[in-house]
Amino acid sequence: MLELRGVRAGYGAINVLWDVELAFASGKLTTIIGPNGAGKTTLLRAIMGQIPLGAGQIYLDGARIDGTSTSRMAALGVGMIPEGRMVFRDMRVEDNLLLGAYSVRDRPGIAARLEDAYTRFPRLRQRRAQLAGSLSGGEAQMLAMARGLMAEPRLLLIDEPSLGLAPVVVQEVFTQLAQQKAQGRTIVLVEQNTRRAIDIADHVYVMQAGRVILSRPASEVQLDEVHRLYFAR
Ligand SMILES: Nc1ncnc2c1ncn2[C@@H]1O[C@H](COP(=O)(O)OP(=O)(O)OP(=O)(O)O)[C@@H](O)[C@H]1O
Ligand SMILES: [Mg+2]
């Protein structure tokens, strides 16, 4: 569905990604794991058009899309839930959700999506009129996920959704991801929780220092091998 070929990208004069080759298959969950600073978030930003490529190409369903603006990526069906569970703290929960559907034109469709979000995340329904800034960390992550899903992306990129959450909330995050996967959504999951990420994934990439150092079907990945790669240089 999405393919990167020889991608380089970074920030100004500093290059971070080095000749990255990746493919995300339709309907599958691909996980990208790797230590802090490996370039995982930079990779997602490059895909979303938030930073320009220094080299290489990105293809969506065979069509070249690098250079596409971030807002246009939503129209192409690609959505990202960024790291750090960013919500608009001084807006109500429901208005945060509605922002996720800003590109959707038909009003009945939006109402149905809102209802879907509340069915999927009942706690958000209870808190719908509350300011997002008053949510707990776990609730804020649920809101960030629900908002990302409001656009109903065909391809969902999600950056470290379980970071810093209590085990019970981590469980809920992975349950939601499993449900999304079962519904056929194509998912790219960046995670530090390597065991859970590999468990839920179809394909695993390991990144280190801006390069892909392992690409393998999840069923063939050994956790201790991955952990050894983390510390190797
Ligand atoms: N806005 C920025 N300007 C300059 N350098 C940046 C910027 N954002 C990230 N970097 C650098 O790019 C490199 C990769 O960072 P990135 O955030 O992509 O890593 P990551 O794999 O997502 O790490 P983490 O697991 O900590 O989120 C790091 O060396 C980082 O310092
Ligand atoms: Mg990151």
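In this text, all values refer to a predicted model and were calculated from it rather than measured experimentally. (Residues numbered from 1 in each chain as written. Chains lettered and ligands numbered in written order. Predicted model: local features only at pLDDT ≥ 70, side-chain atom pairs only at ≥ 80, totals over all residues. Heavy atoms only, no water.)

Visitor: Give me the site of ligand 1: which residues, what numbers.
Guide: Close contacts around ligand 1 come from 14 residues, with Asn-36, Lys-40, Thr-41, Thr-42 and Gln-192 the closest. Separating an oxygen atom of ligand 1 from a side-chain N or O atom of Thr-42 is a distance of 2.5 Å. At 2.8 Å from an oxygen atom of ligand 1 is found a side-chain nitrogen or oxygen belonging to Gln-192. Its free accessible area being 640 Å², ligand 1 has 62% of it covered by the protein chains. Top contributing element to the shell around ligand 1 by residue count: helix H1 (residues 40–47), with four residues. (Near = heavy atom within 4 Å. Polar contact = N/O pair within 3.5 Å; in protein donor to acceptor, adjacent residues only side chain to side chain. Areas by Shrake-Rupley, 256 points an atom, 1.4 Å probe, with all protein chains shown as cover. Helix = DSSP H or I, 4+ residues; strand = E, 2+ residues; numbered from the N terminus.)

Visitor: How would you sum up the packing of helix H4 (residues 107–120) against helix H6 (residues 137–150)? Please name residues and give values.
Guide: The axes of two packed helices give the description: the angle between them and the distance between them. For the pair H4 and H6, the least separation of the axes is 10 Å and the interaxial angle reads 150°. The angle between H4 and H6 falls in the class roughly antiparallel. Note that H4 runs across H6; the crossing there is right-handed. Where H4 approaches H6, its residues Ile-110, Arg-113, Leu-114, Ala-117 and Arg-120 are matched on the opposing element by Ala-146, Leu-149 and Met-150. Each residue belonging to the contact of H4 with H6 can be placed in one class, and the counts come to six nonpolar, no polar and two charged. (Axes fitted to C-alpha atoms, helices over the stretch in contact; angles between N-to-C directions. Parallel < 35°, antiparallel > 145°, perpendicular 65-115°, else oblique. Left-handed = near helix turned anticlockwise from the far one by under 90°. Contact = heavy atoms within 4.5 Å. Nonpolar A, V, L, I, M, F, W, Y, C, P; charged D, E, K, R; others polar.)

Visitor: Tell me what's going on with the sheet that holds strand S9 (residues 203–208), and back it up with residues and numbers.
Guide: As summarised here, the arrangement of the six strands in space is S6-S7-S8-S3-S9-S10, forming an open sheet in which the pairing is mixed. The open sheet terminates on both sides in strands that have one partner only, identified here as strand S6 (78–81) and strand S10 (211–217). In this sheet, adjacent strand axes meet at a mean angle of 15° when their direction is disregarded. For S9 and S10, the ladder comprises six bridges, and the chain directions are antiparallel. Each residue of the ladder has a partner; that of His-203, found in S10, is Pro-217. Contacts from helix H7 (residues 167–182) reach strand S3 (29–33), strand S7 (155–159) and strand S8 (186–191) within the one sheet, and its direction differs from that of S8 by about 155°. (Pairing = 2+ DSSP bridges.)

Visitor: Hey, could you go over the coordination of the magnesium ion (ligand 2) for me, with residue numbers and the actual values?
Guide: The magnesium ion (ligand 2) binds to the protein through Thr-41 (OG1) and Glu-83 (OE), with metal-donor distances spanning 2.0 to 2.7 Å. Taken together, the positions of Thr-41 in helix H1 and Glu-83 in the loop between S6 and helix H3 (93–99) put the pair 42 residues apart, joining distant regions of the chain. (Donors = N, O, S within 2.8 Å, 3.2 Å for Na, K, Ca; no water.)

Visitor: Summarise a nonpolar patch on the surface; cite the residues concerned and give the values.
Guide: There is a patch of nonpolar side chains on the surface, built from Phe-88, Leu-99 and Tyr-102 and spanning about 310 Å² of accessible area. In this fold, Tyr-102 is placed in the loop between H3 and H4. (Patch = residues over 30% accessible without salt bridge, like charges linked within 9 Å, V, L, I, M, F, W, Y side chains within 5 Å. Salt bridge = Lys/Arg side-chain N within 4 Å of Asp/Glu carboxyl O.)

Visitor: An account of the pattern of salt bridges is needed here, citing residue identities and associated values.
Guide: Counting across every chain of the model gives 13 salt bridges. With a closest N to O distance of 3.0 Å, Glu-94 and Arg-128 form a salt bridge. One end of the pair, Glu-94, is in helix H3; the other, Arg-128, is in the loop between helix H5 (122–126) and H6, with 34 residues separating them in the sequence. Between Glu-139 and Arg-127 there is a salt bridge; the shortest N-O distance is 2.8 Å. Of this pair, Glu-139 sits in helix H6 while Arg-127 sits in the loop between H5 and H6; the two residues are twelve residues apart in sequence, bridging distant segments of the chain. Using a relative accessible area of 22% as the deciding quantity, one classes Arg-127 as partly exposed. (Buried < 20%, exposed > 50% of the residue type's maximum accessible area, 1.4 Å probe, protein only.)

Visitor: Which residues make up the sheet that holds strand S2 (residues 14–24), and what are the values?
Guide: Reading across the sheet, the four strands line up as S2-S1-S4-S5 and stay open at both edges, with antiparallel pairing between neighbours. For this open sheet the edge positions go to S2 and strand S5 (63–64), each flanked by a neighbour on one side alone. Of the pairings in the sheet, the one linking strand S4 (residues 53–60) to S5 comprises two bridges and is antiparallel in character. Its bridge partner lying in S5, Leu-60 is registered against Ala-63.

Visitor: Give a description of the nonpolar core that names residues and reports values.
Guide: Soluble, globular proteins show a tendency: their nonpolar side chains are buried together. Ranked by size, the top nonpolar core spans 45 residues in total, and within it Ile-33, Leu-97, Leu-143, Leu-177, Leu-189 and Val-204 carry the most contacts. Here this core gets eight residues from one element, more than from any other, and that element is H6. Excluding anything up to four places from it in sequence, Leu-177 contacts Met-145, Ile-158, Pro-161, Ile-187, Leu-189 and Ile-200. If you look at the next biggest cluster of nonpolar residues, it comprises 29 residues, including Leu-4, Ala-9, Ile-58 and Met-73. (Core = buried A, V, L, I, M, F, W, Y, C linked by side-chain atoms within 4.5 Å.)

Visitor: Tell me about the packing of H6 against H7, and please be specific about residues and values.
Guide: Interaxial distance between H6 and H7 falls to 10 Å at its minimum, and their mutual angle equals 15°. Between H6 and H7, the interaxial angle falls into the category roughly parallel. Note that H6 runs across H7; the crossing there is right-handed. In this structure, H6 uses Gly-138, Gln-141, Met-142, Met-145 and Leu-149 to contact H7, whose residues at the interface are Val-169, Glu-172, Val-173, Gln-176, Leu-177 and Gln-180.

Structural measurements only, silent on function.
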